[in-house]
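Residue-level structural notes
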Amino acid sequence: MEYTNLDVWIESRKLTNLIYDSTKKYPKEEIFGLQNQIRRCAVSIPSNIAEGCGRNTNKETIHFLFIARGSLYELETQLHLSLDQKYVNETEYTVILNQIILCKKLLNGFINYYKKK
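Residues numbered from 1 in each chain as written. Predicted model: local features only at pLDDT ≥ 70, side-chain atom pairs only at ≥ 80, totals over all residues. Heavy atoms only, no water.

1. Here we look at the state of the cysteines
By definition, a disulfide is the covalent link that joins the sulfur atoms of two cysteine residues. Evaluation of the coordinates by the stated rule reveals zero disulfides. Of the cysteine sulfurs around Cys 53, a residue in no disulfide, the closest is that of Cys 103, at 14 Å. Distance from the sulfur of Cys 103, which forms no disulfide, to the nearest cysteine sulfur (Cys 41) is 12 Å. (Disulfide = S-S within 2.5 Å.)

Take a look at the structure:
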């Protein structure tokens, strides 16, 4: 199965692009702080899905899918912090949070699929 055709990978790329668009407006003092952290975290999600798909065993694949899931939860926390700091507005927050929720559902389904293989 080619990972670039997977809904979970496609939707996590969309999430990463939402994060990049949103963080362009963060204050300059956040370039090496929350802006950098939230971007790295977002990039980690599709990257770990891809790496997991490239592994030889289901156990290895699941390991990287769990890392991607952990990054989703980390990203959700950073989004909450961004709202607290007023770096994102309520509308942006809701759009990004909905994409995070979608990615969580898809990723959990993908993990369950590999657990049953």
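Structure shown, so let's carry the discussion forward.
2. Overview of helix α4 (residues 90-116)
For α4, which comprises 27 residues, the first-to-last C-alpha distance of 39 Å matches the rise-based estimate of 39 Å (1.5 Å per residue) to within 8%. Those residues of α4 that fall on the buried side of the exposure criterion are Glu 92, Tyr 93, Ile 96, Leu 97, Gln 99, Ile 100, Cys 103, Lys 104, Leu 107, Phe 110, Ile 111 and Tyr 114. Buried positions along α4 lie against α1 (7-23), α2 (34-53) and α3 (58-84). You can read the cap of α4 off the contacts: a side-chain oxygen lies 3.1 Å from the backbone nitrogen of Thr 91, and it is on Asn 89. (Helix = DSSP H or I, 4+ residues; strand = E, 2+ residues; numbered from the N terminus. Expected span 1.5 Å × (residues − 1). Buried < 20%, exposed > 50% of the residue type's maximum accessible area, 1.4 Å probe, protein only. Contact = heavy atoms within 4.5 Å. Polar contact = N/O pair within 3.5 Å; in protein donor to acceptor, adjacent residues only side chain to side chain.)

3. Side note on the confidence of the model for the protein chain
Taken over all residues, the pLDDT of the protein chain has a mean of 96, while the share at 70 or more is 99%. Ranking the elements of the protein chain by mean pLDDT puts α4 last, at 96, and α1 first, at 98. (pLDDT = per-residue confidence, 0-100.)

4. Notes on the nonpolar core
Judged by nonpolar contacts, the single largest core of 30 residues is most densely connected at Leu 15, Ile 49, Leu 75 and Leu 107. Only α1, α2, α3 and α4 provide two or more residues apiece to this core. Here this core gets nine residues from one element, more than from any other, and that element is α4. In contact with Ile 49, other than residues within four places in its own chain, are Val 8, Trp 9, Ser 12, Leu 65, Ala 68 and Leu 107. (Core = buried A, V, L, I, M, F, W, Y, C linked by side-chain atoms within 4.5 Å.)

5. Topic: the pattern of salt bridges
When the charged atoms of two side chains with opposite charge come close together, those side chains can pair. A full pass over the atoms with the stated rule returns six salt bridges. Among the ionic pairs, Lys 24 bridges to Asp 21, the shortest N-O distance being 3.6 Å. A cluster of three or more residues bridged by salt bridges with shared partners is formed by Glu 51, Arg 55 and Glu 60. (Salt bridge = Lys/Arg side-chain N within 4 Å of Asp/Glu carboxyl O.)

6. Topic: unusual backbone geometry
Phi at Lys 86 is positive, roughly 65°, even though this residue is not glycine. Along the chain, Lys 86 falls in the loop between α3 and α4. Classification of Lys 86 by relative accessible area gives exposed; the value is 71%.

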